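Architecture and fold: a report
Residues per chain are reported as follows:
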Amino acid sequence: MSSDFPALPSGSRTRLRDALKLLQAAIPLPWSVRMEIRKSLPDGDLGLCLMPEAGGAVILVNAQQLEREALDTVAHEYAHAMCLGHAGGDSRAAWGIAYAEAYEVVFGDHTS
């Protein structure tokens, strides 16, 4: 990730948290999902979804990206959280369907 991007301003951080709340309301999961916005992530990743042993998913978002990309990262990582409890796991097909659903919640209908 390029360091050319300034850290997300507080208004963007609020919109990311609002997007997570919207996802949680529209696509509730049987485990908790929380989000942390980090100054940076390992290997320049834009986001990560972790499932600690204690249960519940943690979405990590790299603050060094533009707001639109960060919102996409929230949808992307929430899709991983959606797949955590499925028998097929985080397969590409399952994740793709989950991502399409999460993307539509955050950004609206993407087919038009």
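Our subject is the structure listed above.
Just so it is clear, the structure is predicted and the values come from calculations on it, not from any experiment. Residue positions are given per chain, counted from 1 along the sequence in the order it is written. Under the rules for a predicted model, residues below a pLDDT of 70 receive no local features and side-chain atom pairs below 80 are neither given nor counted, while totals for whole chains, interfaces and linings still include all residues. As a convention, hydrogens and water are excluded, and side-chain values are obtained from all of the structure's heavy atoms.

**Re the overall build of the protein chain**
- Strands here are runs of E lasting at least two residues and helices are runs of H or I lasting at least four, both read from the DSSP assignment and numbered beginning at the N terminus. Counting its regular elements, the protein chain contains 3 helices and 3 strands.
- Helices and strands appear in the protein chain in the N-to-C order α-β-β-β-α-α.
- With a 1.4 Å probe rolled over the protein chains alone, any residue whose accessible area is under 20% of its type maximum counts as buried; one over 50% counts as exposed, and the rest are partly exposed. Taking all 112 residues of the protein chain together, the buried fraction comes to 37%.
- Contact definition: two residues touch when any of their heavy atoms are within 4.5 Å. Here the analysis covers contacts within the protein chain between residues at least 6 apart in sequence; of these, 59% occur between residues at least 24 apart.
- Surface accessibility follows the Shrake-Rupley procedure with a 1.4 Å probe radius. Residue values consider only the protein chains on display as shielding. Summed over all atoms, the accessible surface of the protein chain reaches about 6,300 Å², with 55% contributed by carbon and sulfur.

**Some remarks on the packing of aromatic side chains**
- Pairing of aromatic rings covers Phe, Tyr and Trp, the last through its six-membered ring, and needs centres within 6.5 Å; plane angles under 30 degrees mean stacked, over 60 mean edge-to-face, and all others mean tilted. On inspection of all chains with the given rule, the structure shows 3 aromatic pairs.
- Judged by centre distance (4.9 Å) and plane angle (10°), the ring pair of Trp-95 and Tyr-99 falls under stacked. Here Tyr-99 and Trp-95 lie together in helix 3 (residues 92-107), a separation of 4 residues that amounts to about one turn. Side by side, Trp-95 and Tyr-99 carry an identical accessibility label, which is buried.
- Relative to Phe-107, the ring of Tyr-103 lies with its centre 4.7 Å away and its plane at 40°, an arrangement referred to as tilted. Residue Tyr-103 and its partner Phe-107 are both found in helix 3; the two are separated by 4 residues, about one turn of the helix.

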